[in-house]
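In case you want the letters, here they are:
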Number of protein chains: 4
Amino acid sequence: MGRVYATYLASRVRNARLVAVADRSPDVAESFSKEFNIPRWYRGHEELLADSEVQAVAVLSSTASHKEVVIDAARAGKAIFCEKPIAMSVEDAEEMLAEVRKLGVPFQPGFQRRFDPGYIAAKAQIEQGTIGTPVVLTSTSRDPYRPPLDFCNPAVSGGLIADMGIHDFDLARMYMGEVKSVFATGGALAYPEMETIGDIDNAIVNLTFVGGGLGAVHLSRNAVFGYDIRTEIWGTKGSLQIGYFRQTPLLVMTKAGISHDAVPYFMERFEGAYLAQIESFIDAVVNGGEPAVSGSDAVEAIRLSLAATLSCREQRVVELDECK
Amino acid sequence: MGRVYATYLASRVRNARLVAVADRSPDVAESFSKEFNIPRWYRGHEELLADSEVQAVAVLSSTASHKEVVIDAARAGKAIFCEKPIAMSVEDAEEMLAEVRKLGVPFQPGFQRRFDPGYIAAKAQIEQGTIGTPVVLTSTSRDPYRPPLDFCNPAVSGGLIADMGIHDFDLARMYMGEVKSVFATGGALAYPEMETIGDIDNAIVNLTFVGGGLGAVHLSRNAVFGYDIRTEIWGTKGSLQIGYFRQTPLLVMTKAGISHDAVPYFMERFEGAYLAQIESFIDAVVNGGEPAVSGSDAVEAIRLSLAATLSCREQRVVELDECK
Amino acid sequence: MGRVYATYLASRVRNARLVAVADRSPDVAESFSKEFNIPRWYRGHEELLADSEVQAVAVLSSTASHKEVVIDAARAGKAIFCEKPIAMSVEDAEEMLAEVRKLGVPFQPGFQRRFDPGYIAAKAQIEQGTIGTPVVLTSTSRDPYRPPLDFCNPAVSGGLIADMGIHDFDLARMYMGEVKSVFATGGALAYPEMETIGDIDNAIVNLTFVGGGLGAVHLSRNAVFGYDIRTEIWGTKGSLQIGYFRQTPLLVMTKAGISHDAVPYFMERFEGAYLAQIESFIDAVVNGGEPAVSGSDAVEAIRLSLAATLSCREQRVVELDECK
Amino acid sequence: MGRVYATYLASRVRNARLVAVADRSPDVAESFSKEFNIPRWYRGHEELLADSEVQAVAVLSSTASHKEVVIDAARAGKAIFCEKPIAMSVEDAEEMLAEVRKLGVPFQPGFQRRFDPGYIAAKAQIEQGTIGTPVVLTSTSRDPYRPPLDFCNPAVSGGLIADMGIHDFDLARMYMGEVKSVFATGGALAYPEMETIGDIDNAIVNLTFVGGGLGAVHLSRNAVFGYDIRTEIWGTKGSLQIGYFRQTPLLVMTKAGISHDAVPYFMERFEGAYLAQIESFIDAVVNGGEPAVSGSDAVEAIRLSLAATLSCREQRVVELDECK
């Protein structure tokens, strides 16, 4: 992701100038600075935060390091964009946000789907009243294959439900409001080796919203044909379906049938959304507005991830209140 | 449904001859016999079962009456087709089947989706190994509007989960094998008046299969645009999506966008499947084979309906074993 | 086609009773009468026309025989349905219609696409003004393979443009009005052996309508994946696209891509339309209305076929007036 | 288009550095240089060509000026990218290319569709033999509305067939080889005011290829819902369909039906292709390869445009040889 944001910030985001990059590994930092024509590079975030020309930072390091970096950045008075999830626990996330709020720096967590034209258009339709009151949401995220086992490791990734579901949980809140309780089932069904690291590869999470509505989040690592990202919102007067399956606009028609390709993976699906997201952040920093996604959006998505993970493990309904 | 089967049996099913119709209301029976050119009509099933020319019966009366009619028909040695659900309780269903088995008459419960080309082709793909081992199923049934309240009344219909879900439960078993436990959430979200009769209009039912796989059944009465019937099956090597949204092959393209119509309701969606189903039954009767759907398929779908209904009410995981 | 109409008339068309069948071959006539439970069979149309119980006839014999049969039927006072094309020449067709008109019998030529829900809905949209004034039409008919050479023989079939294009020409007139001139190109491109019988397997026919609009008809014998039937109508305020490519509602998604089947051939595509067409004819006969398709619709489609065939041969614009 | 290429060259094309911009209007040149951070600006192409740091130029001025600018650029030894059409006549185009060839500078005409993933994937499928021998091509270009009349003026734009069709003619050649003859019909059907400038708003062009294949190009200014760009290629073993209709991945489903938006216009459809095209040119300049599109591709597309325009006016088949 560092590469993606570097490309965007180095040249495609109006009003942004990429002045420095930092990485614990000096080699990485230096090669990035060369590749993207970045004037300065640093050995760690502390040095970078001391650079007075730096107004805003994008925190793209490992989740485990987010807390320290974000708090330091807030104390240095920088505007902060932080990739999802901002933390592994609600407690850490709230601590980070407390500091951010106290110091009054702009803070935006990374939820790029909110910047995808399909999700934006769906929100506009709801606000226009096209579907009446939304009452049911289903949201699907399926990867084309499992990541390497050490990446999947729940100690690092939080496990399937947290790692993949966090986007769907964020969308669920955006379209339907707060969640009251969850129930989840899951299993290592396609890759039995997932069990060796204590993770699963498929899960279904039921949501009950505070307002009474229902939701289901479908997560999987075995959409072997490609990347399956869909959200459906069902209202009292209509419904919305967000998502698509075909990448290249070509149908091949032979005696074997009619076929097309699929969306390969998240970068092909959300390239434009990642750009729009960082543009939105820069815009808020430059023009002084409120970031489009708030810190508490990040906290609540983590809370949901943890509640669903707990429910899956204990096979019982978990109230969101339990996860503090 | 009486009208549909009468049309088919009167003229479209090879090897079938419709010789008699019975209804508690003589007016109904007589008018049916005239409309469909049926030689004889009777005041009740007892008279019809005494007609020695009758080899097979289609039981299309109210669910509450199925038990008596089916048992009487079995005793009269008739082959029996019985609309879904064959009973409101597992106990009743098993009693009916015990009699049917004892007397050795052919018995086929009504699950027309199994005879739809999409579901048949999906089964063939699975059997050919196209998707590897099926591990997750999602199945969706959404009505375009709620039926009249007295029809929805759980005392009559069994409630949303039983009334609508039974088809999805049957498909779930067909594609994924037996279910071990269920968890369901639901609510009267689009039609608050459903609460006055103790029913809901939306539900999500999570399934855990004996073989380890997962499932979710989505049920709703407010797909206001039309009739939404879809099943997805996810395997280790691929996946299948069954269903469609457009009825008439016409796209209308104006400044307002690009639009098409939707599938209106179940008769438009499953007309061919209802015909194929009764043809399959007649074929089994005439040629002596095993009916394509068994009595225990009917029992297990009822058991699932009851377990899911119970789970939804008590908000806990229900093991299928609990429902006897 | 005899088999199709026999099935429909024997059992599925309200108000129709199939009382007799005739064929020059007594074996065929007799076996049809047995298969479809038809009370009487005859050795030729003369005998059948003498049957006083016969009110209406469906002329499904070879095109070459239509003229004699239709004229005899008209003289016998029978209502007449006649498969397309009603004749091989405009002259013959007009002679037949002159007799039909003189004797005042109902006459309906076979153009089943007019009875397909897509084409009907398109017409309704145009009449409602949805697309403003229609100005351009494209209509496509592609077969999945070439028929046997003796069937294709232009002496029998009229050649590709007449045999396949007649439906598109009829639709063109229905949606856009009369045609002023045509230009056509064609060739034996996929099956060189078509040249041995003087026929082609692909053609494109440009139409200029009397009202100024434009059209193109695309014809082919090598849509090897299936049956490709589409019509597009472009107006000043919008456009319409009629047609579809998928037969079975199943998507198969594997590493090889996402695929579905195709519409196999005309019977799968137009089964319902053939039924609706003959129902419409029977309805006109029984209730005395004007048939939904007129004799002059048949004549003008033939005229267009001949003009386009001539244009293709001589590679010049042909005015419709030339073809009398 | 200047703005588009400036954006790309200023920041998104690897190995490109935008060092200067020229425009006859100094205000435009200066404001461009400011907006895109371009080091130098000039009052005309002569000044710019004298800039020794300039290695390659993108000629985006009016078609009428292309000849002079390209020849001057060639003489100055610059690599040249020139927007389509490179000239209004075959004679001018050939004169330009003669100079380019004599001086040995790289030259690439603008045909961005060749760089769209759909068209690229189609070409790959053909080369892999998926569809056997291509025998028929249909290619459609429809604008959502007519441009201003002074833009449409044939003296400036070459008229509808040249202005819009040139892309389809280029694709036709790419997929099917050289064209032998054309026949075209057209009219001012949706915007009668087009007649006042001697132009049309709809045309259908039939192509006969040297190899025997057939083609049809459909052109229109009244796809009022959006931008309709499609190409179909029919072979002996299969066929390909390139194109799509929906821009935003959102389906809206209400009682009014199921609807989605459309592709608004060419920039939304071909944004990525314009970028890939100029990247390809820069790559050829930097690495010394042959440009992906040749000068004679530009000449032949112009020849086809002129032949089709002539055919439309004179309503006769025009051999390509006539247009020199």
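Residues numbered from 1 in each chain as written. Chains lettered and ligands numbered in written order. Predicted model: local features only at pLDDT ≥ 70, side-chain atom pairs only at ≥ 80, totals over all residues. Heavy atoms only, no water.

Undergrad: Requested: an account of the overall build of chain A, with residues and values cited.
TA: In terms of regular secondary structure, chain A is built from eleven helices and 14 strands. Over its C-alpha atoms chain A spans a radius of gyration of 20 Å, differing by no more than 12% from the 20 Å that the globule rule assigns to 324 residues. If you line up chain A on its principal axes, its C-alpha atoms span 55 × 55 × 50 Å. Within chain A, buried positions represent 60% of all 324 residues. Long-range contacts, defined here as pairs at least 24 residues apart, represent 67% of the contacts in chain A between residues at least 6 apart. Surface accessibility of chain A: about 12,300 Å² in total, with carbon and sulfur atoms responsible for 50%. (Helix = DSSP H or I, 4+ residues; strand = E, 2+ residues; numbered from the N terminus. Rg over C-alpha atoms; globule rule 2.2 N^0.38 Å. Buried < 20%, exposed > 50% of the residue type's maximum accessible area, 1.4 Å probe, protein only. Contact = heavy atoms within 4.5 Å. Areas by Shrake-Rupley, 256 points an atom, 1.4 Å probe, with all protein chains shown as cover.)

Undergrad: Provide a residue-level description of the environment of D:Gln315, including the pertinent values.
TA: Within the element layout of this structure, D:Gln315 appears in the loop between α11 (295-314) and β14 (318-319). Measuring from C-alpha to C-alpha, the distance between D:Gln315 and D:Thr185 comes to 7.0 Å, with 130 residues separating the pair along the chain. Residues in contact with D:Gln315, not counting those within four places in the same chain, are C:Val317, D:Phe183, D:Ala184 and D:Thr185. A distance of 3.3 Å separates the side chain of D:Gln315 from the backbone oxygen of D:Cys312, its partner in a polar contact. (Polar contact = N/O pair within 3.5 Å; in protein donor to acceptor, adjacent residues only side chain to side chain.)

Undergrad: Any chance you could break down the packing of helix α4 (residues 63-75) of chain C against helix α5 (residues 90-103) of chain C for me, citing the residues and the numbers?
TA: Residues and elements named next belong to chain C. Two elements in contact, α4 and α5, have axes separated by 9 Å at closest approach and are oriented at 5 degrees. Between α4 and α5, the angle is such that the two are roughly parallel. Contact residues: α4 offers His-66, Lys-67, Val-70, Ile-71, Ala-74 and Arg-75, while α5 offers Asp-92, Glu-95, Met-96, Glu-99, Val-100 and Leu-103. Of the residues belonging to the contact of α4 with α5, the class tally is six nonpolar, one polar and five charged. (Axes fitted to C-alpha atoms, helices over the stretch in contact; angles between N-to-C directions. Parallel < 35°, antiparallel > 145°, perpendicular 65-115°, else oblique. Nonpolar A, V, L, I, M, F, W, Y, C, P; charged D, E, K, R; others polar.)

Undergrad: Any chance you could break down the relation of the copies chain A and chain B for me, citing the residues and the numbers?
TA: Placing chain A over chain B gives an RMSD of 0.0 Å and needs a rotation angle of 180 degrees, together with 0.0 Å of translation along the axis. Seen this way, the second copy is the image of the first under a two-fold rotation axis. The position closest to the rotation axis in chain A is occupied by the C-alpha of A:Arg316, lying 3.3 Å away. Mapped onto chain B, 100% of the interface residues of chain A again fall at the interface, so both copies present the same surface. (Least-squares fit on C-alpha atoms with pLDDT ≥ 70 in both.)

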